[in-house]
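# Descriptive structure summary
Chain by chain, the residues run as shown.
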Amino acid sequence: MAQARTILGLESSCDDTAAAIVRMPPAPARAQILSSVVYGQSTLHAAYGGVVPEIAARAHAEKLDLCVVEALARAGIALPAIDAVAVTAGPGLIGGVLSGVMCAKGIAAGAGLPLVGVNHLAGHALTPRLTDAIAYPYLMLLVSGGHCQFLIVRGCDDFTRLGGTIDDAPGEAFDKAARLLGLPQPGGPAVEREATKGDPHRFAFPRPLLNKPGCDLSFSGLKTALMRARDTLVADQRGLTSQDRADLCAGFQAAVAEVLAEKTRRALTIYLADNPAQPALAVAGGVAANATIRAGIETIAAENGTIFTAPPLSLCTDNAAIIAYAGGELFAAGHRDDMSLPARPRWPLDSNSPALVGGGKKGAKA
Ligand code: KG4
Ligand code: ZN
């Protein structure tokens, strides 16, 4: 019989420094998060309007070991109780990924523990197994500030990408929209708040790539359309009223929600054609917190008789518990890395799919 394992996970690919301990009993028992520590860096980057890679890398290097000590303390265990060290080895900002990989190598070498490099996107994609123990396969929509893709998830290292953004990630588009309208960061919650007071029909924003077949998405044109609408209002009336701002937010959000819902419908059709016996759709990423977007996706799932899973927001956004969990699955499947594990700024989950040109706040990656 397989044994329970305790995995230490490290995450440092963008602007969150995180460590977590996850206990993984043999299936069908559920994995358990013993501790999850996240040091966000948003205050360090606030003055610059985005993540500054050099500042991020330095902060990760300073905080990672403290995170590990805190994660062990909160879990009430010491390093000898750990079975493997899992670390995000990409994709992401190279300085941050390097900090994490070097820290994990140090711990693994010092404590004589196995090392497992984890693809950050796999961490997100496997989250519904950690939170809801959903079975393979399922369709996953990753929607965050750094990611946007549809994946068929068949195993911990078996992913097929059906499509993704060709430019900005949706969270990044929300953040830019907020900046254009003088709203605070992160932009998503701020835009959503304004949108509740606005008329989504006043501005006719485009629905990018809806007229093209397939599941690829695009959000940068939407941001430009928002900027033009804002500039026209400012030129005509020398400023924006609070109602203008609310209407612009509502129109922008409605466009993002409609595009995501329609592309989800298409991805689900492709997925269900091959997997009719497993009708399951899951989302992950900060943008899934948006009620309008989430409702649109949930409706598509319901119309297609598909079970819908959305992990709690604390596990949708970047953290190390999802990395420890993914590392635990990989470890159980026999994956091992050694001191030659590289830090990879780009690391597509599905190497058979053509490269996406999309960036996201973590930079080009897949
Ligand atoms: O997953 P996440 O914490 O970080 C990564 O990008 O990896 O996602 C953060 C992104 C930000 O861009 C933020 O503006 C967006 O998710 N976001 C939202 C909402 N809450 C967070 N976007 C739209 N509506 C929201 N309510
Ligand atoms: Zn992420």
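Starting afresh in each chain, residues are numbered from 1 along the sequence in its written order. Chains and ligands are labelled by the order in which they are written, letters from A for the one and numbers from 1 for the other. Only residues with pLDDT of at least 70 get local features here, since the model is predicted, and only at 80 or more are side-chain atom pairs given and counted; chain-wide, interface and lining totals rely on the full set of residues. Only hydrogens and water are set aside; all other atoms, that is, all heavy atoms of the structure, feed into the side-chain values.

## Topic: the sheet that holds strand E5 (residues 115-119)
Quick note on the threshold: Paired strands, in this sense, are two strands between which DSSP finds at least two bridges. Numbering of helices and strands starts at the N terminus; helices are DSSP runs of H or I of at least 4 residues and strands are runs of E of at least 2. What counts as an axis is a line fitted to C-alpha atoms, over the stretch in contact for a helix, and the angles between N-to-C directions run from 0 to 180 degrees. When checking whether two residues touch, look at their non-hydrogen atoms; a contact exists if any pair is within 4.5 Å.
The five strands lie next to each other as E3-E2-E1-E4-E5, forming an open sheet whose pairing is mixed. Sheet topology places strand E3 (32-40) and E5 at the edges, where each strand pairs with a single neighbour. Sheet twist, expressed as the mean angle between neighbouring strand axes with direction ignored, is 20°. Where strand E1 (residues 5-11) meets strand E4 (residues 84-90), four bridges bridge the pair, whose relative direction is parallel. The residue bridging Gly9 from the neighbouring strand is Ala86, located in E4. Each of E1, strand E2 (16-24) and E3 touches helix H2 (residues 53-75); the most contacted strand, E2, lies at about 30° to it. With respect to the sheet, helix H3 (residues 94-111) is in contact with E1, E4 and E5, its orientation differing from that of E4 by roughly 160°.

## Structural notes on the site of ligand 1
Note the threshold: Nearness is defined per residue: one heavy atom within 4 Å of the molecule or strand is enough. In protein, a polar contact requires one atom able to donate a hydrogen and another able to accept it; more generally it is a pair of N or O atoms within 3.5 Å, and residues adjacent in sequence count only if both atoms are side-chain atoms. Where accessible areas are quoted, they stem from the Shrake-Rupley method and a 1.4 Å probe; at the residue level, only the protein chains shown are allowed to cover.
Close to ligand 1 lie 22 residues; Gly145, Asp175, Gly188, Glu192 and Thr317 are nearest. Within the side chain of Glu192, one N or O atom sits 2.8 Å away from a nitrogen atom of ligand 1. Here ligand 1 loses 91% of its free accessible area of 550 Å² to cover by the protein chains. Looking at the shell around ligand 1, the elements that each hand over two or more residues are helix H6 (170-180) and helix H7 (187-195).

## Quick word on a nonpolar patch on the surface
Our working definition: Each patch is built from salt-bridge-free residues with over 30% relative accessible area, joining like charges within 9 Å and nonpolar side chains (Val, Leu, Ile, Met, Phe, Trp, Tyr) within 5 Å. What counts as a salt bridge is simple: a side-chain nitrogen of Lys or Arg found within 4 Å of a carboxyl oxygen of Asp or Glu.
A cluster of nonpolar side chains, namely Ile94, Leu98 and Met102, defines an oily patch on the protein surface of about 270 Å² accessible area. If you trace the backbone, Met102 turns up in helix H3.

## Topic: helix H12 (residues 321-332)
Selection criterion: One less than the residue count of a helix, multiplied by 1.5 Å, gives the span that helix is expected to have.
Taking 1.5 Å per residue as the helical rise, H12 with its twelve residues ought to reach 16 Å, and the 16 Å between its terminal C-alpha atoms agrees with that figure. One or two residues past the end of H12 sits Gly334, with phi positive at roughly 100°.

## Brief notes about the domain arrangement of the protein
Accessible area lost upon the coming together of the parts serves often as the stated size of an interface. Cut-off, in case you're wondering: In this document the domain limits rely on a domain assignment from an automatic tool or a database. Summed over both partners, the accessible surface that disappears when two parts come together, traced with a 1.4 Å probe, is what is meant by buried area. In this count, Pro and Cys sit with the nonpolar residues alongside Ala, Val, Leu, Ile, Met, Phe, Trp and Tyr, while Asp, Glu, Lys and Arg are called charged and the others, Gly among them, polar.
Here the domain parsing of the protein yields domain 1 (5-134 + 314-332) and domain 2 (138-309). Each of domain 1 and domain 2 has a C-alpha centre, and these two points are 27 Å apart. Between domain 1 and domain 2, the contact holds 15 residues from the first and 18 residues from the second. Counting each side, the surface lost to burial between domain 1 and domain 2 is near 1,300 Å², with a carbon and sulfur contribution of 74%. The largest per-residue losses of area from domain 1 upon contact with domain 2 belong to Leu121, Ala125 and Cys316, which jointly make up 33% of the total buried on that side. For the side of domain 1 that touches domain 2, the elements supplying multiple residues, two or more each, are helix H4 (120-125), helix H5 (127-132) and H12. Residues belonging to the side of domain 1 that touches domain 2 are distributed by class as follows: eight nonpolar, four polar and three charged.

## Focus on the coordination of the zinc ion (ligand 2)
Operational definition: Water is not among the atoms examined, so metal sites may look incomplete; donors are the N, O and S atoms within 2.8 Å of the metal, or within 3.2 Å for Na, K and Ca. A four-donor site is called tetrahedral if each angle lies between 85 and 135 degrees; a four-donor site is square planar, and a six-donor site octahedral, when trans pairs exceed 155 degrees and the remaining angles lie between 65 and 115; all other cases are labelled irregular. In this scheme, a residue with accessible area under 20% of its type's maximum is buried, one over 50% is exposed, and one in between is partly exposed, where area comes from a 1.4 Å probe on protein chains only.
Within the protein, the atoms that donate to the zinc ion (ligand 2) are His120 (NE2), His124 (NE2), His147 (NE2) and Asp318 (OD), at distances of 2.1 to 2.4 Å. Its four donor atoms give the zinc ion (ligand 2) angles of 89 to 166° at the centre, a pattern that matches the irregular case. Here His147 falls in the buried class, since its relative accessible area comes to 4%. Judged by its relative accessible area of 13%, Asp318 falls in the buried class.

## Here we look at the pairing of strand E6 (residues 138-143)
In terms of residue burial, E6 counts as a mostly covered element, since six of its six residues are buried. Of the two faces of E6, both are covered, the one formed by Tyr138, Met140 and Leu142 as well as the one formed by Leu139, Leu141 and Val143. Judged from the six bridges that link them, E6 and strand E7 (residues 148-155) form a sheet pairing that is antiparallel. Across the sheet, Tyr138 pairs through a bridge with Val153, a residue of E7. Counting the residues that bridge the hairpin from E6 to E7 gives four residues. In the sheet, E6 pairs with strand E9 (residues 280-284) via four bridges, with the strands oriented parallel. Looking at the pairing, Leu141 lines up with Val283 of E9.

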